[in-house]
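# Examining the three-dimensional arrangement
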Amino acid sequence: MSAHEIYTAGNKHADAGRIHKASADVINAFAKLDVARMWGGGRAAAVDGSQIETWENNLLAESSIRYGGFGGIAFRLISDTYIALFSHFIPCGVWEAVYILDSLLANESDVQPDQIHADTQGQSLPVFGLAALLGFELLPRIRNWHDLNFYRPDATTKYGHIDALFGDNVIDWALIEKHWPDLLRAGISIREGRLSSVTLLRRLGNHSRRNRLYKALRELGRVIRTITLLRYLSEPGLRDQIGAITNRTEQFHNFAQFLMIGGRLIGHNDPDYQERVVKFNELVANAAIFSTALDITDAANALAGEGFPVDTDDLAAVSPYITRTIRRFGSWVVDLTPPDRAPATRLDLEPRVLFRV
């Protein structure tokens, strides 16, 4: 099969939606592996962006001060089990926080997280409020938390040891109650696909401070963020979890970049083509992660069969982002023949159960 045939098939028979569904099939198969459950429960995920270079004269290309390059951003949703749940190609100059909820809602796999982690751009009050309406728990990485405001439930509430954190800030519950039907209507519209969360959050930006829905959503966000800040200060385990999962997204960016065969620049000006490149990259990375997870399962079962103890804690520390076993260049053979046997998906770590003498 020539490169031209693969290129033609990719252009004529693959669009962003089909690639996303193919990646969902890989995710669903990966979620059934015992070793995947060693890495995480699938309830938590993290979002982050990575800059990808493009040509200058296209609709998405911009110069990024944050990333120090010219192009767009591959915005990805990564599960706590290492696999990518959704990818999207966005401009560099956008506010990444508005895409957090859109990534969760666009995920079509069986892995449906309800805890979402993000970097410091996720500290937006409207996003906190909207995430709560949609049933998601937003737990971003918080930087300079001492510069953020804590809000009291009412002016008479006092705290024994942390009262100095709150100052004179009080939640306006009457505002939330007054516009609660509007907030619910917006949340249901997003859930039903009638309204995009990206569109809503863009409209409720800094230029909408007189908008009643913005004020109510911001007030609800103050409630949720205050609770999150208190948890962030009092739960070291939560801080460790946020740091571990957000670092895992950075590792996925490096892994996906390693698999950008043919160069790390998208040499095309069509936005649909650019979106397909990012989604194809996610599909290839997920397939490589799935294959590596199967290899780890076989290796663990082989060690257990030979009588060597396999510690599940050690197994949980093994990352599937292994690149030394991946041959990016060379002869690629397309074999559509079904394998002789199904791969092992279960871990049998008790010695001499799978492998009897």
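Structure: see above.
Attention in this report is confined to the structure presented alongside it.

What counts as what
Residues numbered from 1 in each chain as written. Predicted model: local features only at pLDDT ≥ 70, side-chain atom pairs only at ≥ 80, totals over all residues. Heavy atoms only, no water. Axes fitted to C-alpha atoms, helices over the stretch in contact; angles between N-to-C directions. Helix = DSSP H or I, 4+ residues; strand = E, 2+ residues; numbered from the N terminus. Parallel < 35°, antiparallel > 145°, perpendicular 65-115°, else oblique. Contact = heavy atoms within 4.5 Å. Buried < 20%, exposed > 50% of the residue type's maximum accessible area, 1.4 Å probe, protein only. Pairing = 2+ DSSP bridges. Phe/Tyr/Trp six-rings, centres within 6.5 Å; stacked < 30°, edge-to-face > 60°. Patch = residues over 30% accessible without salt bridge, like charges linked within 9 Å, V, L, I, M, F, W, Y side chains within 5 Å. Areas by Shrake-Rupley, 256 points an atom, 1.4 Å probe, with all protein chains shown as cover. Salt bridge = Lys/Arg side-chain N within 4 Å of Asp/Glu carboxyl O. 1 Å grid on protein atoms, 1.4 Å probe; cavity = no way out; pocket = protein on both sides within 12 Å on 5 of 7 lines; lining within 4 Å. Points joined across faces, edges and corners; volume = space filled by probe spheres on them. Core = buried A, V, L, I, M, F, W, Y, C linked by side-chain atoms within 4.5 Å. Expected span 1.5 Å × (residues − 1). Polar contact = N/O pair within 3.5 Å; in protein donor to acceptor, adjacent residues only side chain to side chain.

Let's shift gears to the packing of helix H9 (residues 212-234) against helix H10 (residues 236-258). When two helices pack together, their arrangement is given by the angle between the helix axes and by the axis-to-axis distance. Viewed as axis vectors pointing N to C, H9 and H10 meet at an angle of 100°, and their least axial separation amounts to 5 Å. Relative to H10, H9 is oriented roughly perpendicular. Facing Arg231, Tyr232, Leu233 and Ser234 of H9, the residues of H10 in contact are Pro236, Leu238, Arg239 and Ile242.

With seven of eight residues buried, strand S4 (residues 84-91) lies mostly within the body of the structure. In this sheet, S4 lies alongside strand S3 (residues 69-79) in antiparallel orientation, the contact comprising seven bridges. Bridge pairing in S4 places Arg76 opposite Ser87. Counting the residues in the hairpin turn of S3 and S4 gives four residues, including Tyr82, whose phi is positive at 85°.

Turning next to the packing of aromatic side chains. Within this structure, the stated rule accounts for eight aromatic pairs. Aromatic side chains Tyr82 and Tyr321 sit 5.1 Å apart centroid to centroid with 90° between the ring planes, which places their arrangement in the edge-to-face category. In this pair, Tyr82 sits in the loop between S3 and S4 while Tyr321 sits in the segment after helix H12 (312-316), placing the two residues 239 residues apart along the sequence. Taking the relative accessible area as the measure of exposure, Tyr321 reaches 12% and is therefore buried. Here Tyr159 and Phe166 contribute two aromatic rings whose centre-to-centre distance is 4.7 Å and whose plane-to-plane angle is 20°, an arrangement assigned as stacked.

Moving on to a nonpolar patch on the surface. Together, Met1, Ile6, Val334 and Leu336 line one region of the surface with nonpolar side chains, adding up to about 490 Å² of accessible area. When you line up the elements, Ile6 lands in helix H1 (residues 3-13).

Now for the pattern of salt bridges. Where side chains of opposite charge bring their charged atoms close, a pairing between them can arise. Per the stated rule, a full pass over the model turns up nine salt bridges. Notably, a salt bridge pairs Arg152 with Asp163, separated by 2.6 Å at the nearest N-O pair. Here Arg152, found in the loop between strand S6 (137-138) and helix H6 (173-178), pairs with Asp163, found in the loop between S6 and H6; they are 11 residues apart in sequence, far enough to count as distant. By relative accessible area, which is 22% here, Asp163 ends up partly exposed. Overlapping salt bridges, with partners in common, bring together Asp34, Arg37 and Arg346 in one network.

With that settled, the discussion passes to empty space enclosed by the protein. In total, this model carries one cavity of 30 Å³ or more according to the counting rule given. Considering only enclosed or pocket space, the largest cavity measures out at about 50 Å³ in volume. Lining the largest cavity, in full, are Val47, Asp48, Phe75, Glu96, Ala97, Ile100, Ala118, Asp119, Gln121 and Gly122.

This brings us to the environment of Phe258. In this structure, Phe258 sits in helix H10. When the C-alpha atoms of Phe258 and Arg328 are compared, they prove to be 8.9 Å apart, with 70 residues separating the residues in sequence.

All right, on to the nonpolar core then. By size, the foremost hydrophobic cluster in this structure holds 65 residues, and its most contacted members are Phe30, Val35, Leu77, Ile100, Leu101, Leu130 and Phe252. Here the element with the most residues in this core is helix H11 (residues 271-305); it accounts for seven residues.

A separate point is the pairing of S3. Extensive coverage of S3 is indicated by the burial of 10 of its 11 residues. Bridge analysis of strand S1 (residues 44-54) against S3 gives nine bridges, and the strand direction is antiparallel. Counterpart to Ala46 in the pairing with S3 is Ile78. Two strands pair when backbone bridges link them, and strand S2 (residues 62-64) and S3 are joined in this way by three bridges, in the antiparallel orientation. When the bridges of S3 are listed, Ser63 appears paired with Phe70.

Reported here for the largest pocket is a volume of approximately 1,700 Å³. Lining the largest pocket are 38 residues, with Ile6, Ile261, Phe280, Val284 and Trp332 positioned closest to its centre. Secondary-structure elements contributing two or more residues to the lining of the largest pocket are H1, helix H2 (16-31), strand S7 (265-266) and H11. Counting residues per element, the lining of the largest pocket draws most heavily on H11, at 12 residues.

What follows deals with the environment of Ile261. Here Ile261 lies in the loop between H10 and S7. Between the alpha carbons of Ile261 and Leu60 there is a distance of 22 Å; along the sequence they are 201 residues apart. Once you skip the residues sitting within four places of it in the chain, Ile261 turns out to touch Arg328, Phe329 and Trp332.

An ideal rise of 1.5 Å per residue puts 51 Å on 35 residues; H11 measures up with 51 Å between its terminal C-alpha atoms. Two or three places before Asp272, at the start of H11, stands the capping residue Asp270, its side-chain oxygen 3.2 Å from that residue's backbone nitrogen. Phi turns positive one or two residues past the end of H11, at Gly307, with a value near 95°.

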